[in-house]
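Architecture and fold: a report
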Amino acid sequence: MNLEKKMKIIKKGVEEIVPEQELINKLKKSEKEWKPLRVKYGIDPTGHDVHIGHLVPIRKMREFQDLGHTGVIIIGDFTAQIGDPTGKDESRPPLTAEQVKENAATYMEQLYTVLDRNKTEVRWQSEWFGKMGMAEVLNLLGKFTLAQFLAHDTFRKRYENGLPLGMHEIMYPILQAYDSVAVKADIELGATEQKFNILAGRDMQKYFNMPEQVAILSPLLVGTDGLQKMSKSLNNYIAVNDKPFDKYGKVMSIPDNCIINYFNYATQVSPEEIEKIKKELDSGDVNPKNIKQRLAREVVQMYHGEEKAQIAEAEFNRIFSQKDVPTDMPQYSVDKAIWIVKLLTETNMCKTSGEARRLIKQGAVKIDDTKVTNADLELRVESEMVVKVGKRRFLKVIPLN
RNA sequence: GGAGAGGUUCCCGAGCGGUCAAAGGGAACAGACUGUAAAUCUGUCGGCGAAGCCUUCGGAGGUUCGAAUCCUCCCCUCUCCA
């Protein structure tokens with residue numbers, strides 16, 4: 001494959017490459033010397049769920065792997081203790097070592113849905129930071145100035161807005177930067193908000209007299225609310241572990257004006273095809289719903305395959321367009337009769353009895369398509385029936401025996 | 001160490017002795033509508049088998065018939081001075 005073609009692949013869906021010429025040089029050199037480039041991406045094992053926004057750079061890593069390069073995943077067991085200050089205005093509570101370990105394992109599992117295991121190197125920060133002494137830490141700190149950090153938006157904003165900013169938090173970019181030294185990264189992937197940290201990596205490598213890494217920055221995927229970046233704390237994310245139907249539904253819940261954005265960064269649809277879709281959308285001849293359904297299919301398909309995507313779509317249409325019941329739903333057996341509110345709370349259809357009463361009052365509870373109006377209803381269960389709460393909660397109630 | 005400002009329900013933020021389960025906004029949920037779990041409009045939004053009761057306003061005590069509101073001590077955050 002020629003260089004131009006490679007660059008086209010690499011640049012797809014990428015916001016910025018700093019500096020681009022250096023990347024070209026590295027690719028050339030790598031080819032000449034038959035030496036794969038080391039492409040780094042760091043994760044902080046702070047939770048269980050990986051969302052599809054995280055996977056934007058990960059997919060880029062896979063593309064590098066397919067071009068013969070090595071993916072290096074850094075498990076940020078030290079940075080996880082800090083919590084990435086980037087793009088946040090709050091500190092994060094520290095995690096225990098066990099939590100970190102557990103999270104790391106589930107994270108990797110999810111990343112391997114995209115990555116090529118054989119070309120992935122997993123490294124833990126504790127490999128190098130675990131044995132680092134104070135003298136070395138001071139040395140690393142001395143390479144940056146406070147002004148540099150305060151010039152950085154996230155730090156400055158927190159500082160200016162009078163929000164707490166822990167001393168340890170400014171260590172975050174320094175640790176991340178040193179990771180690049182430790183693993184001899186040629187390239188570091190990340191979302192655009194990572195620019196500062198990744199560029200700090202370049203500086204750090206320079207101080208250690210090694211070739212500087214190239215930053216490849218992906219755009220941030222906007223969350224399902226269509227406003228803020230996809231993130232766990234904002235609960236606007238589509239998780240890798242979400243069931244196909246939920247992924248499908250969540251995509252359908254994005255505002256229409258994000259459709260193209262999602263096509264670009266959350267699917268593998270080609271830029272030419274996306275251009276076509278965009279024209280269709282703009283022309284107004286096509287119902288955006290149909291285009292969004294295609295998007296949802298593409299997203300689900302990427303993680304679960306074509307068949308599951310079809311099923312998810314069929315199910316979605318059943319439930320929301322035809323207002324039918326799903327093919328599969330949780331079951332609950334009842335002996336003779338049960339108080340409706342009790343039924344709803346017992347089965348977790350509602351969190352509290354207050355919520356159950358409220359929903360009944362609002363006309364959200366239906367039994368076999370008949371609205372329940374009385375919150376005192378003693379439901380007699382003599383045959384199978386379907387209880388529906390709102391549009392999305394279903395339960396099949398069956399008589400005992 | 002000194003001086004000042006703060007900590008309120010999921011989040012932001014008003015309240016400064018009773019009318020406070022606490023304004024307003026956001027999120028969330030529901031209903032209507034629809035082309036979708038889009039958009040828009042409306043409603044709900046601490047718990048309890050519930051016209052009553054119970055628990056909440058950083059923590060622990062106290063004053064009062066009555067405290068998110070006043071007092072004491074403690075914890076935490078921010079600003080300025082050093």
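Everything that follows concerns the structure shown earlier in this document.
Described below are features of the structure shown in this document. (Residues numbered from 1 in each chain as written. Chains lettered and ligands numbered in written order. Predicted model: local features only at pLDDT ≥ 70, side-chain atom pairs only at ≥ 80, totals over all residues. Heavy atoms only, no water.)

What follows concerns the overall build of chain A. Helix and strand content of chain A: 18 helices and 13 strands. Structurally, chain A occupies a C-alpha span of about 80 × 50 × 40 Å along its principal axes. By the burial criterion, 47% of the 401 residues in chain A qualify as buried. Long-range contacts, defined as pairs at least 24 residues apart, comprise 70% of the intrachain contacts of chain A with a sequence gap of at least 6. Taken as a whole, chain A presents about 20,700 Å² of accessible surface, with 50% of it coming from carbon and sulfur. In chain A, 59 positive and 57 negative side-chain charges are present, and the distance between their average locations comes to 1 Å. (Helix = DSSP H or I, 4+ residues; strand = E, 2+ residues; numbered from the N terminus. Buried < 20%, exposed > 50% of the residue type's maximum accessible area, 1.4 Å probe, protein only. Contact = heavy atoms within 4.5 Å. Areas by Shrake-Rupley, 256 points an atom, 1.4 Å probe, with all protein chains shown as cover. Lys, Arg positive; Asp, Glu negative; His and termini not counted. Charge placed at Lys NZ, Arg CZ, Asp CG, Glu CD.)

Relative to the assigned elements, arginine 59 resides in helix α3 (residues 55-66). Within the structure, arginine 59 has its side chain in polar contact with the side chain of tyrosine 303 (distance 3.4 Å). If near-sequence neighbours (up to four positions away) are discounted, arginine 59 is found in contact with Ile52, Val114, Tyr265, Ala266, Thr267, Gln268, Met302 and Tyr303. (Polar contact = N/O pair within 3.5 Å; in protein donor to acceptor, adjacent residues only side chain to side chain.)

Okay, the sheet that holds strand β9 (residues 365-367) next. Hydrogen bonds between backbone groups are what pair the strands of a sheet, and the pairing can be parallel or antiparallel. With mixed pairing, the 5 strands of this open sheet are ordered in space as β7-β13-β12-β9-β10. Lying at the two open borders of the sheet, with one neighbouring strand each, are β7 (331-334) and β10 (370-371). With 4 bridges joining them, β7 and strand β13 (residues 393-399) adopt parallel strand pairing. In the strand pairing of β13, serine 333 is matched with isoleucine 398. (Pairing = 2+ DSSP bridges.)

Among the structural elements, glycine 249 can be located in helix α12 (residues 244-252). A sequence separation of 64 residues divides glycine 249 from alanine 185, and the C-alpha atoms of the two residues are 38 Å apart.

On to the protein's contact with RNA strand B. Of all residues adjacent to RNA strand B, which total 36 residues, the nearest are Ser253, Asp256, Lys289, Ser353 and Arg358. Of everything in RNA strand B that lies within 4 Å of the protein, sugar and phosphate atoms constitute 56%. Contact distances for RNA strand B include 2.4 Å between a base nitrogen and a side-chain N or O atom of serine 353. Here a phosphate oxygen of RNA strand B and a backbone polar atom of glycine 354 are 3.1 Å apart. Looking at the surface near RNA strand B, the elements that each hand over two or more residues are α12, α15 (288-304), α16 (306-321) and α18 (353-361). The element contributing the most residues to the surface near RNA strand B is α18, with 5 residues. (Near = heavy atom within 4 Å.)

Attention shifts here to unusual backbone geometry. For the bond from valine 18 to proline 19, the omega torsion is -15°, close enough to zero to count as cis. Looking at the secondary structure, you find proline 19 in the loop between β1 (16-18) and α2 (20-33). Positive phi, close to 50°, is recorded for asparagine 235, a residue that is not glycine. Examined against the element boundaries, asparagine 235 turns out to sit in the loop between β6 (214-218) and α12. Among the residues examined, asparagine 235 registers a relative accessible area of 61% and is labelled exposed. Backbone geometry places aspartate 369, a non-glycine residue, at a positive phi of 75°. Residue placement: aspartate 369 occurs in the loop between β9 and β10. Here aspartate 369 falls in the exposed class, since its relative accessible area comes to 63%.

Attention shifts here to the pattern of salt bridges. Counted under the stated rule, the structure contains 29 salt bridges. Between aspartate 153 and lysine 157 there is a salt bridge, and its shortest N-O distance comes to 3.1 Å. Residue aspartate 153 and its partner lysine 157 are located together in helix α9 (residues 153-160), separated by 4 residues, close to a single helical turn. Between lysine 292 and aspartate 256 there is a salt bridge whose closest N-O contact spans 3.0 Å. Taken together, the residues span a long stretch of sequence, with lysine 292 in helix α15 and aspartate 256 in the loop between α12 and α13 (259-266) at a distance of 36 residues. Judged by relative accessible area, which is 6%, lysine 292 ranks as buried. Here the salt bridges do not stand alone but share partners, grouping Arg38, Glu121, Arg123 and Glu127 into one network. (Salt bridge = Lys/Arg side-chain N within 4 Å of Asp/Glu carboxyl O.)

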